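# Structural overview
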Amino acid sequence: LLFFTEGELAAVARSHYCNRTYLYVCSSARARAAVLSFLPILTWLPSYPVRRFLFSDVVSGLSTGVVQLPQGTFAVMSLMIGGVAVREAPDDMFNVLPANASNMSATVDTEARDARRVQVAVMLTTLVGIIQILFGVLRFGFVTIYLTEPLVRGFTTAASLHVFVSQLKYLLGVKTQRFCGVLSIVYSLKAVLWNITSTNVATLILGLVGIVFLYLVKYVNERFKKKLPVPIPGEIIVVMVSTGVSYGLSLSDDYMVDVVGKIPTGLLPPAAPDFSLFPRLITDSFTVAIVGFSMDISLAKTFALKHGYSVDGNQELIALGLCNFISSFFQTFAISCSMSRTLVQESTGGKTQIAGLMASLVVLLVVVAIGFVFQPLPQTALAAIIMVNLLGMFKQFRDIPNLWRTSKIELAIWLVACAASVLLGLDYGLLVAVLFAMLTVIYRTQSPKSSVLGHVPGTGLYYDVDEYEEAAEYEGIKIFHSNSSIYFANSDLYVTSLKEKVILCYGKQEVTREVSSDNHVAVQHINGPVGDSCPDVDSEVVHLKTPNAVHSIVLDWTPVTFIDSVGAKAIKQVSKEYAAVGVRVVIAACSSKSSHDFSPTVIIISELCSTRA
């Protein structure tokens, strides 16, 4: 690839140098387009509608930032990174014996252990960022085409169930351990129910009041959204009131209500990661990078479908990679996206990325200066905010009856994605869902729907004669249609369906078939009037005899995007069989890419009708 300025282009053209060279003109417009594609914020920020969106984005950002304070963004990634850190820096590596007490057991140097684990997490984050940037540059985002809408909606529904169950212990004020992996949601629910008798009544009452209030606020916002100048900021009201009540009544000390507690303040100075850990962490970094991107793009596609915009998987990879790589120098760990915080941002009126910027500024401000303000904030209030905002995701269960009526295969994808993600965890569940979706593609192409087409009088349209009464066949011509490409997995089924549809199922006819066996050859005659059901067809059909009325068979290859060598041989063989009994087989709408030793044939039905007088 050569790049020229506009002035140099004319000289190159005159020298005839550009016969086989792709030319790209370096111009200001092309450079500007390249910059905007890499930094899309520059396309919409200059025209940002301040009066329409600013207040909603600020309120949404404040609400999301406050909810973000006490928990990690994505529990699965947090546990994955924590597992790597514990593996690389176990307790027994930091055992310290007392200086003057040989009989005493060794103790763990927790300060050194934690410092080493931070180094492991930081280096892992650096590698994750590099991998995601490389994936984005190499256009690895194409894999998002396998995340179909039913798969994404089933997966995000399962993620909502995981988040909902994880918040139950905060709503009830019970103490349980955190579970991860296969059946983690079952173990978490079991642990909550097992300890339900130790529910903190004050915590539960505060949480239920918050849930009822938020539900009513959302109802009012939806019911009167045309009359309200801005949505009522219910989440901010809950945070402010619950924090004030908790501080004024000393809920943490007198009623044992769990609160956010001490928030560490200050930022660490930037430092380079420990690259000596590279060989030990490279495999884990690939896993974390893929899981983080998968969760991010699944959630992004969910809201893109809801609000009618598109998502660029490559741009998402580059954005995640840059965030992870740059922030790792400030001792952070790998990020992805959060189901609960995203729902909070959307439901509180967030319109653009300004809301995300505001949420980030809130977290930064709290970490740097005002963390003490939110120390009395009850955990149950945050659980109430998250649970109410999850209600919108649970409405995706309505997909089940709709998919049952429209597509059983897509319903199966939805159910498998949801069930696998609930039972196996979000990481393995997503992998199972993608593999199942790919298997459905194989199934659809291996078992295509076939039909005989007829012409609709007065139009140029051809439809299935079994489904459309107006469609009529041409005398002596059978037009066979199958809605799939032809390859090794379905070529036999294609030929069998062709023989069934064209020979046995239409018109007064006689078929002679010879079935070979070890001891004899049986000749069977089958007669059938129009409308009769198709008799059973033996799989070992050797010879075909058709009524004299049928003289041509048209194979409609409009849906055929490719045909492999096995499919080509099958078509050639069946063509020879029909030619032996005087039936001409021709191909219509054969593209150049699917021809494979076939000469594309343009079929004019009137010409076929006149070939036999």
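Residues numbered from 1 in each chain as written. Predicted model: local features only at pLDDT ≥ 70, side-chain atom pairs only at ≥ 80, totals over all residues. Heavy atoms only, no water.

## Quick notes on the overall build of the chain
What counts is decided by this rule: Working definition: helices are DSSP H or I runs of at least four residues, strands are E runs of at least two. Numbering for both runs from the N terminus. When accessible area is computed with a 1.4 Å probe and restricted to protein chains, residues below 20% of their type maximum are described as buried, those above 50% as exposed, and intermediate ones as partly exposed. Note that accessible areas follow from Shrake-Rupley with a 1.4 Å probe, and for residues the cover is restricted to the protein chains shown.
When its secondary structure is counted, the chain shows 22 helices and eleven strands. Within the chain, the proportion of its 613 residues that are buried is 41%. When the accessible surface of the chain is split by element, carbon and sulfur atoms take 62% of a total near 33,900 Å².

## Remarks on the sheet that holds strand β10 (residues 552-556)
To keep things clear, this is the line we draw: By the convention used here, strands pair only if DSSP detects at least 2 bridges between them. Simply put, an axis is a line fit to the C-alpha atoms, just over the touching stretch for a helix, and the angle between two N-to-C directions goes from 0 to 180 degrees.
In spatial order, the strands read β6-β5-β7-β10-β11; together these five strands make up an open sheet with mixed pairing. At either margin of the open sheet sits one strand with a lone partner, and together these are β6 (462-464) and β11 (584-588). Strand-to-strand, the axes of this sheet are offset by a mean angle of 35°, without reference to chain direction. As paired strands, strand β5 (residues 450-455) and strand β7 (residues 477-482) are joined by four bridges and run antiparallel to one another. Bridging across to β7, S450 finds its partner in S482.

## As for the nonpolar core
The line we're drawing: Working definition of a nonpolar core: buried Ala, Val, Leu, Ile, Met, Phe, Trp, Tyr and Cys residues. They are joined through side-chain atoms within 4.5 Å. Contacts are assigned to residue pairs with any non-hydrogen atoms lying within 4.5 Å of each other.
Judged by nonpolar contacts, the single largest core of 63 residues is most densely connected at L151, L281 and M339. Broken down by element, the residue count for this core peaks at nine residues, all from helix α12 (residues 278-307). In this structure, M339 is in contact with T156, A159, S160, V163, M295, L299, L390 and M393, ignoring residues within four places of it in sequence. In terms of nonpolar packing, the next biggest core, distinct from the first, is built from 19 residues, V495, V560, A570 and Y578 among them.

## Regarding the UniProt feature "transmembrane region" (unreviewed entry) in the chain
What counts is decided by this rule: UniProt positions are given in the numbering used here, feature names are shortened, and annotations may be inferred rather than shown by experiment.
Following the UniProt record, one finds the feature "transmembrane region" (unreviewed entry) at residues 65-86, 120-142, 202-220, 232-249, 317-334, 354-374 and 412-443. Secondary structure across residues 202-220 divides into 100% helix and 0% strand, with the first and last C-alpha atoms of the span separated by 27 Å. Helix and strand shares over residues 232-249 are 89% and 0% respectively, and the end C-alpha atoms of the span are 26 Å apart.

## Concerning the pairing of β5
By the criterion of burial, β5 is predominantly enclosed, with six of the six residues buried. Both faces of β5 are covered, namely the face carrying S450, V452 and G454 and the face carrying S451, L453 and H455. Alignment of β5 against β6, held across three bridges, turns out to be antiparallel. Paired with G454 across the bridge in β6 is Y463. Following β5, the chain reverses through six residues before pairing antiparallel with β6; G458 in that reversal takes a positive phi of roughly 80°.

## Some words on helix α16 (residues 379-394)
Put simply, the rule is: Multiply 1.5 Å by the residue count of a helix minus one, and that product is the helix's expected span.
Spanning 16 residues, α16 covers 23 Å between terminal C-alpha atoms, matching the ideal 22 Å at 1.5 Å per step. The buried fraction of α16 amounts to 14 of the 16 residues, a majority that puts the element mostly inside the structure.

## Quick notes on the pattern of salt bridges
Side-chain pairs of opposite charge can arise whenever the charged atoms involved come near each other. Operational definition: In what follows, salt bridge is the name for a side-chain nitrogen of Lys or Arg lying within 4 Å of a carboxyl oxygen of Asp or Glu.
According to the stated counting rule, one finds 14 salt bridges in the structure shown. The closest approach of N and O atoms between R153 and D399, which form a salt bridge, is 2.5 Å. Of this pair, R153 sits in helix α7 (residues 149-172) while D399 sits in helix α17 (residues 399-406), placing them 246 residues apart in sequence. With a relative accessible area of 22%, R153 lands in the partly exposed category. Note that E467 is salt-bridged to K449, the shortest N-O span being 2.6 Å. Here E467, found in the loop between β6 and β7, pairs with K449, found in the loop between α19 (426-446) and β5; they are 18 residues apart in sequence, far enough to count as distant. On the basis of relative accessibility, which here comes to 46%, the residue E467 falls in the partly exposed class.

## Here we look at the packing of α17 against helix α18 (residues 408-424)
To keep it simple, the criterion reads: Orientation labels follow simple angle bins: below 35 degrees gives roughly parallel, above 145 gives roughly antiparallel, 65 to 115 gives roughly perpendicular, and whatever is left gives oblique. Residues are sorted three ways: Asp, Glu, Lys and Arg are charged, Ala, Val, Leu, Ile, Met, Phe, Trp, Tyr, Cys and Pro are nonpolar, and all the rest, Gly among them, are polar.
At their nearest, the axes of α17 and α18 sit 6 Å apart, and the two run at 150° to each other. The orientation of α17 relative to α18 falls into the category roughly antiparallel. Of the residues in α18, those in contact with D399, I400, L403, W404 and T406 of α17 are K408, E410, L411, W414 and L415. Of the residues assigned to the contact of α17 with α18, the class counts are six nonpolar, one polar and three charged.

## Some details on a nonpolar patch on the surface
Applied cut-off: Surface patches are drawn from residues lacking salt bridges whose relative accessible area is over 30%; two like charges belong together within 9 Å, two nonpolar side chains (Val, Leu, Ile, Met, Phe, Trp, Tyr) within 5 Å.
On the surface, V35, F38, L39, I41, L42, L45, L322, I326 and F330 cluster together into a nonpolar patch covering about 740 Å² of accessible area. Residue assignment for the nonpolar patch shows that the elements contributing at least two residues are α2 (28-38), α3 (41-44) and α13 (313-328). Locating I41 in the fold gives a position in helix α3.

## Looking at the environment of V554
Residue placement: V554 occurs in strand β10. In this structure the C-alpha to C-alpha distance between V554 and I477, which are 77 residues apart in sequence, comes to 7.3 Å.

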